[in-house]
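Descriptive analysis of the structure
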Amino acid sequence: MTTHFLSLADLAADDLAALLDVTAALKAAPVPASAPLRGKTLAMIFEKPSLRTRLSFDVGMIQLGGHAAYLSPAEVGLGRRESVADVARVVSRMVDLVVLRVNAHETLEEFARHARVPVVNGLSDLSHPCQALADIFTVRERKGDLRGVSAAFVGDGNNVAHSFMLACALSGVRLRVATPAGYEPQPRYRELAAVAARASGGAVEVGNDPEAAARGADVVYTDVWTSMGQEQEYERRRRAFEGFQVNAALMRLAKPDAIVLHDLPAHRGEEITDEVMDGPASAVFDQAENRLHAQKALLVRLLGGAAG
């Protein structure tokens, strides 16, 4: 693996497979007797609120024998109270790893350029690779061998879609993405996914028909139509995404044993119905739990510990 983890594009297919193996080992033995990260400290610097990202890294460090420190926007003010470069230089002298949750991906890249310790993308406007680790691990957990699995992503071609595309492409999954016209994933991520898919035997297709995407799928994934920071676009997006709800009718097009994923928080009644999210096909809360196990695997890999 590279020093930083800013995108799934930082990983080779073998790196991702190895991370998933470590995730499985750490899920089976959540508190390793060896305390592989004893004496290590993680800093979390967040510009956006978080439940799963903050808790998974905080609890993960404790279970691995290390410590975590959370720094709120009011305490740091990246680029406002103090320059991004200066914060990176200071924090690097005090901790062993930094998780950033930022508004702009450029902030993450600038921080990583000036940091002397590994930097992890806890979410940016372009990418959410930690979420994608949990996503693809959940698919593997439920479906076994990832090669040949058919998945659909229905909704906004956003940061979550970008990272899930790369995770699927690296793993040999055949993914169909369906978004309203004008909300497709960015061309850069489509190109990165296409290159990875050619190497793995997977495929990534992007279209505008949710029924075509869901038909025959093993996995159906959705996300909110309006993400943090897009609240002023709510009404326009709600109209644009009409017809892209993951509901019982859409799920009838998928395979009978298909699973449903959502990265949470969900806007129930918009992108997903209660019937589906709380129904037998839902793997949503397994997926949420798997953030903890996947983040622990990432920590162990980046900080050089052993999972045993």
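Above this note sits the structure.
Parameters and conventions
Residue numbers here run from 1 along each chain, matching the order of that chain's written sequence. Totals for whole chains, interfaces and linings use all residues, but because this is a predicted model, local features are given only for residues with pLDDT of at least 70 and pairs of side-chain atoms are given and counted only at 80 or more. For side-chain calculations, the full set of non-hydrogen atoms in the structure is used, while hydrogens and water are omitted. Secondary structure counts use DSSP, requiring at least four H or I residues in a row for a helix and at least two E residues in a row for a strand, with both numbered from the N terminus. Taken over C-alpha atoms, the radius of gyration is set against a globule rule of 2.2 Å times the number of residues to the power 0.38. Partly exposed describes any residue whose relative accessible area lies between the buried limit of under 20% and the exposed limit of over 50%, with all areas from a 1.4 Å probe on protein chains only and scaled to the type maximum. Two residues form a contact once any of their heavy atoms are found within 4.5 Å. Only the protein chains shown count as cover for residues, and the accessible areas themselves come from Shrake-Rupley with a 1.4 Å probe. Under the counting rule used here, the positive set is Lys and Arg, the negative set is Asp and Glu, and His together with the chain ends is not counted. Taken as the charge location is NZ of Lys, CZ of Arg, CG of Asp or CD of Glu. What qualifies as a polar contact is a pair of N or O atoms within 3.5 Å, subject to a donor-acceptor requirement within protein and to the restriction that residues adjacent in sequence count only when both atoms come from side chains. Between 30 and 60 degrees the pair is tilted, below 30 it is stacked and above 60 it is edge-to-face, where a pair is any two Phe, Tyr or Trp rings, Trp via its six-membered ring, whose centres lie within 6.5 Å. Strands qualify as paired when DSSP identifies two bridges or more between them. In this description, a line fitted to the C-alpha atoms serves as the axis of each element, helices being fitted only across the stretch in contact, and the angle between N-to-C directions of two axes falls anywhere from 0 to 180 degrees.

**Topic: the overall build of the protein chain**
Check the secondary structure of the protein chain and you find 13 helices and nine strands. In terms of overall size, the protein chain behaves like a compact globule, its C-alpha atoms giving a radius of gyration of 19 Å where 308 residues would be expected to give roughly 19 Å. By residue count, 56% of the 308 residues in the protein chain fall in the buried class. Taking contacts inside the protein chain between residues at least 6 apart in sequence as the whole, the part at least 24 apart equals 75%. Of the roughly 12,400 Å² that the protein chain leaves accessible, carbon and sulfur atoms contribute 51%. Charged side chains of the protein chain number 33 positive and 38 negative; the gap between the two group centres comes to 4 Å.

**Things to note about unusual backbone geometry**
A cis geometry characterises the amide bond from L264 onward to P265, with omega recorded as 0 degrees. Counting through the fold element by element, P265 comes out in the loop between β9 (259-262) and α12 (274-277). With phi around 45 degrees, A35 is a residue other than glycine that occupies positive phi space. Along the chain, A35 turns up in the loop between α1 (13-28) and β1 (41-46).

**What to know about the environment of K143**
Within the fold, K143 resides in helix α6 (residues 129-143). The exposure class assigned to K143 is partly exposed, which follows from its relative accessible area of 21%. On a C-alpha basis, the gap between K143 and D218 in space is 8.1 Å, while along the polypeptide they are 75 residues apart. Other than its neighbours up to four places away in sequence, K143 contacts V149, D218, D257, A258 and I259. From its side chain, K143 meets the backbone oxygen of D257 in a polar contact 2.7 Å long.

**A short note on the packing of aromatic side chains**
Two numbers describe a pair of aromatic rings. These are the distance of the centres and the angle of the planes. Considering all chains together, one arrives at seven aromatic pairs under this definition. Relative to F164, the ring of F153 has its centre 6.4 Å away and its plane inclined at 40 degrees; by these criteria the two rings are tilted. Here F164 lies in helix α7 (residues 159-171) and F153 lies in strand β5 (residues 150-154), a separation of 11 residues in the sequence. What makes F153 buried here is its relative accessible area of 0%. On the basis of an interplanar angle of 75 degrees and a centroid distance of 4.8 Å, the ring pair of F164 and Y221 is categorised as edge-to-face. Of the two residues, F164 is situated in helix α7 and Y221 in strand β8 (residues 219-222); the sequence distance between them amounts to 57 residues. Residue classification places F164 among the buried residues on the basis of a relative accessible area of 1%.

**Structural notes on the sheet that holds strand β2 (residues 67-71)**
Within a sheet, each strand pairs with its neighbour through backbone hydrogen bonds, oriented either parallel or antiparallel. If you trace the four strands from one edge of the open sheet to the other, you get β2-β1-β3-β4, paired in parallel fashion. Looking along the sheet, the strands with just one partner apiece sit at the ends: β2 and β4 (119-123). Neighbour to neighbour, the strand axes of the sheet diverge by 20 degrees on average, direction disregarded. Taken together, the five bridges between β1 and strand β3 (residues 97-101) define a ladder with parallel strand orientation. Along β3, the bridge assignment pairs M44 with V99.

These figures come from the coordinates and say nothing about function on their own.
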